[in-house]
Amino acid sequence: MKSIQKITSVLLIVLAIISCKQQQARMPISRSSGTFMNESVARNKKLIAGEEAKIDSIIKSNPKKVYIASKKGYWYCYDAKNKRDTLRPKKGDVAYFDYEIGDLKGNVVYSEIELKPQTYVVDKQNIMMGLRDGIKLMRKNEKVTFLFPSHIAFGYHGDNKRIGSNEPLICTVTLNDFKPNTPQKKEVIIEPKTITE
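From a predicted model like this one, the values you see are computed outputs, not experimental measurements. (Residues numbered from 1 in each chain as written. Predicted model: local features only at pLDDT ≥ 70, side-chain atom pairs only at ≥ 80, totals over all residues. Heavy atoms only, no water.)

A. Layout of the packing of aromatic side chains. Scanning all chains against the criterion turns up 7 aromatic pairs. Aromatic pair Tyr74 and Phe146: ring centres 5.9 Å apart, planes at 65°, arrangement edge-to-face. One end of the pair, Tyr74, is in the loop between strand 1 (68–69) and strand 2 (75–80); the other, Phe146, is in strand 6 (residues 142–148), with 72 residues separating them in the sequence. Residue class for Tyr74 comes out buried when judged on its relative accessible area of 1%. Overall, Phe146 belongs to the buried group, its relative accessible area being 0%. Note on Tyr76 and Tyr78: the rings are 5.9 Å apart at their centroids and 80° apart in plane angle, and the pair reads as edge-to-face. On the basis of relative accessible area, Tyr76 is assigned to the buried category, the value being 10%. Here the aromatic cluster, defined as three or more aromatic residues joined through ring pairs, consists of Tyr74, Tyr76, Tyr78, Phe146 and Phe148. Positioned above the aromatic ring of Tyr78 is the side chain of Lys81, whose terminal nitrogen or guanidinium carbon lies 4.4 Å from the ring centre. (Phe/Tyr/Trp six-rings, centres within 6.5 Å; stacked < 30°, edge-to-face > 60°. Helix = DSSP H or I, 4+ residues; strand = E, 2+ residues; numbered from the N terminus. Buried < 20%, exposed > 50% of the residue type's maximum accessible area, 1.4 Å probe, protein only. Lys NZ or Arg CZ within 6 Å of the ring centre and 35° of its normal.)

B. Up close: the environment of Arg162. On the secondary structure map, Arg162 appears in the loop between strand 6 and strand 7 (169–179). On the basis of relative accessibility, which here comes to 45%, the residue Arg162 falls in the partly exposed class. In this structure the C-alpha to C-alpha distance between Arg162 and Val109, which are 53 residues apart in sequence, comes to 6.7 Å. If we ignore the near neighbours within four places in the chain, the residues touching Arg162 are Val109, Tyr110, Glu114 and Glu167. Here the side chain of Arg162 touches Val109 through a polar contact of 2.7 Å, landing on its backbone oxygen. (Contact = heavy atoms within 4.5 Å. Polar contact = N/O pair within 3.5 Å; in protein donor to acceptor, adjacent residues only side chain to side chain.)

C. Geometry of the pairing of strand 6. Among the 7 residues that make up strand 6, 6 are buried, leaving the element largely enclosed by the rest of the structure. Looking at chain direction, strand 2 and strand 6 are connected through 5 bridges and run antiparallel. If you follow Tyr76 over to strand 6, its bridge partner there is Phe146. Pairing of strand 6 with strand 7, which is carried by 7 bridges, proceeds in the antiparallel orientation. Along strand 7, the bridge assignment pairs Phe148 with Leu169. (Pairing = 2+ DSSP bridges.)

D. Fine view of the pattern of salt bridges. Evaluation of the coordinates by the stated rule reveals 9 salt bridges. Taking the shortest distance from any N to any O, the salt bridge between Lys136 and Asp123 comes out at 2.8 Å. With Lys136 in the loop between helix 4 (129–135) and strand 6 and Asp123 in the loop between strand 5 (118–121) and helix 4, the pair connects residues that are 13 residues apart, well separated along the chain. For Lys136, a relative accessible area of 27% puts it in the partly exposed group. In this structure, a network of salt bridges that share partners links the residues Asp123, Arg132 and Lys136. (Salt bridge = Lys/Arg side-chain N within 4 Å of Asp/Glu carboxyl O.)

E. Representation of helix 2 (residues 35–61) within the structure. Its 27 residues give helix 2 an end-to-end C-alpha distance of 39 Å, which sits within 8% of 39 Å, the value for a rise of 1.5 Å per residue. All buried positions along helix 2 are accounted for by Ser40, Glu51, Ile55, Ile58 and Ile59. Residues of helix 2 that are buried in the fold lie against strand 2, strand 6 and strand 7. (Expected span 1.5 Å × (residues − 1).)

Honestly, it's all geometry; don't read function into it.
Written out as structure tokens, the structure reads:
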């Protein structure tokens, strides 16, 4: 009986010693070398460089138009400029504009008539990313031509209609007007107090 107790004691001590060793993290079952991400980055850089080269050729083909490079990665030029006003639409304002979408070959994809006059609450509605930023650069009654690379136009998916995957676009926008978006205030009527003694 004592020998069984000794054996059990020795086993418990050995198990305690083994379990006190520091555990090491297991290696993942599958390892990723990062090649997919590296290939994707290289493919996107090549795509953007190709689109920018096409846009650059459009800019150079018409030296009479002065294009400005935006900080967001697109180019624009003024077809009609408003030098009197200084105000531009800001977040929450309601912008009223017309626009036309074309491809880089000069074909009209969506005409101004098809797109109808637009009403847009600045930065609070979902529209093409380039237009979201471009409208905030405009003043009332200005007409601007934007050259958008695909990543700030309709991107990889296109619009599932006439605009294909990774298609850079030319958008001509006329900002007709914009107004502050002020919620309707309810009229509050305060009844006069009567003084009682």
